[in-house]
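Structural overview
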Amino acid sequence: MAIRLGDTAPDFSAETTHGNINFHEWLDDAWGVLFSHPKDFTPVCTTELGYMASLKPEFDKRNVKIIGLSVDPVTSHGKWAADIEETQGHKVNYPMIGDPELKVAKLYDMLPADSGSTSEGRTAANNATVRTVFVIGPDKKIKLMLSYPMSTGRNFDEVLRVLDSIQLTGKHKVATPVNWKQGDDVIILPAVTDEEAKQKYPGGWKSPKPYLRIVPQPK
């Protein structure tokens with residue numbers, strides 16, 4: 001089943017490095033970032049897991065829980081975590097899902113249904129499509145999906161940037177322009193009339209075109 005933005009993130013139960021979880025229950029009322037890996041002991045993913053560990057305080061500030069997934073058993077994840085800490089200088093401080101039967105990878109449409117039922121004998125190349133970042137809201141809806149090739153390390157600073165945008169635009173009737181960063185100007189949504197906008201922004205706005213109304217970021 002294809003997964004699209006706005007769909008409910010599929011729920012599942014799984015073993016993780018922090019014990020067994022039910023995904024939706026584990027998320028509770030927080031945001032979530034689920035990021036997947038094609039196999040343990042792969043070089044690019046090693047750097048990614050270490051960097052995510054270093055960023056965890058930033059995700060915590062935004063009420064975001066991080067969870068990783070790799071198509072290998074939890075026992076293997078524990079051994080990989082030691083390598084990650086040694087080479088990247090950061091201890092993996094979030095749960096890693098074990099998916100040796102490929103159930104979660106299939107549930108999230110990262111592997112086709114006919115991929116078999118075991119990670120044994122599979123290579124990273126077989127699992128190349130298990131390289132996706134999912135951002136999930138407290139409403140359990142998927143807000144963002146980013147898929148990367150195995151040869152390209154993911155930009156998790158971009159995930160933080162997008163989270164800032166999603167959280168801001170969820171509270172205010174605005175959108176964020178290209179390359180927006182926290183504190184930059186934003187765009188009033190087209191659905192907001194000028195009369196409504198005047199009440200919200202009595203100081204006015206810049207409008208190079210009638211449909212492009214630019215205001216400072218709401219506080």
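Residues numbered from 1 in each chain as written. Predicted model: local features only at pLDDT ≥ 70, side-chain atom pairs only at ≥ 80, totals over all residues. Heavy atoms only, no water.

A few words now on the overall build of the protein. Along the backbone of the protein there are six helices and 11 strands. Seen along its three principal axes, the alpha-carbon backbone of the protein occupies a region of about 60 × 40 × 30 Å. For the protein, the residues scored as buried account for 45% of the 219 residues in total. Here the contacts in the protein between residues at least 6 apart in sequence split such that 64% fall between residues at least 24 apart. Accessible surface computed for the protein: about 11,300 Å², of which carbon and sulfur atoms make up 53%. (Helix = DSSP H or I, 4+ residues; strand = E, 2+ residues; numbered from the N terminus. Buried < 20%, exposed > 50% of the residue type's maximum accessible area, 1.4 Å probe, protein only. Contact = heavy atoms within 4.5 Å. Areas by Shrake-Rupley, 256 points an atom, 1.4 Å probe, with all protein chains shown as cover.)

Another aspect to go through is the pairing of strand 11 (residues 212–215). Burial along strand 11 is one-sided: the residues Arg 213 and Val 215 are buried and none of Leu 212 and Ile 214 is. Note: strand 9 (residues 186–188) against strand 11, two bridges, orientation antiparallel. Bridge pairing in strand 11 links Ile 187 to Ile 214. Sheet analysis places strand 10 (residues 206–209) next to strand 11, joined by two bridges and oriented antiparallel. When the sheet's bridge partners are listed, Lys 209 is paired in strand 11 with Leu 212. If you look at the hairpin formed by strand 10 and strand 11, you'll find two residues sitting between the two strands. (Pairing = 2+ DSSP bridges.)

Now for the nonpolar core. Judged by nonpolar contacts, the single largest core of 25 residues is most densely connected at Val 33, Phe 35, Met 52, Phe 59, Tyr 94, Val 159 and Leu 163. Looking at this core, the elements that each hand over two or more residues are strand 3 (31–37), helix 2 (43–61), strand 4 (64–70), helix 3 (74–88), strand 6 (132–136) and helix 5 (156–171). If sequence neighbours within four positions are ignored, Leu 163 has contacts with Trp 31, Val 33, Phe 59, Val 64 and Val 135. (Core = buried A, V, L, I, M, F, W, Y, C linked by side-chain atoms within 4.5 Å.)

What follows covers a negative patch on the surface. Together, Asp 11, Glu 25, Asp 28 and Asp 29 make up a negatively charged patch on the protein surface. Residue classification places Glu 25 among the exposed positions, given a relative accessible area of 63%. (Patch = residues over 30% accessible without salt bridge, like charges linked within 9 Å, V, L, I, M, F, W, Y side chains within 5 Å. Salt bridge = Lys/Arg side-chain N within 4 Å of Asp/Glu carboxyl O. Lys, Arg positive; Asp, Glu negative; His and termini not counted. Charge placed at Lys NZ, Arg CZ, Asp CG, Glu CD.)

Attention shifts here to unusual backbone geometry. Backbone geometry follows two general trends: most residues other than glycine have a negative phi, and most peptide bonds adopt the trans configuration. Non-glycine residue Asp 28 carries a positive phi angle of around 55°. Here Asp 28 shows up in the loop between helix 1 (23–27) and strand 3. A positive phi angle is found at Asn 63, which is not glycine, with a value near 60°. With respect to the helices and strands, the residue Asn 63 is situated in the loop between helix 2 and strand 4. You can call Asn 63 partly exposed: its relative accessible area is 40%.

In this section: the sheet that holds strand 11. Reading across from one edge, 8-9-11-10 is the order of the four strands in this open sheet, with antiparallel pairing throughout. The sheet is open, and its two borders are formed by strand 8 (174–175) and strand 10, each paired with just one other strand. Relative to strand 9, strand 8 runs antiparallel, the two being bridged by two bridges. Paired with Val 174 across the bridge in strand 9 is Ile 188.

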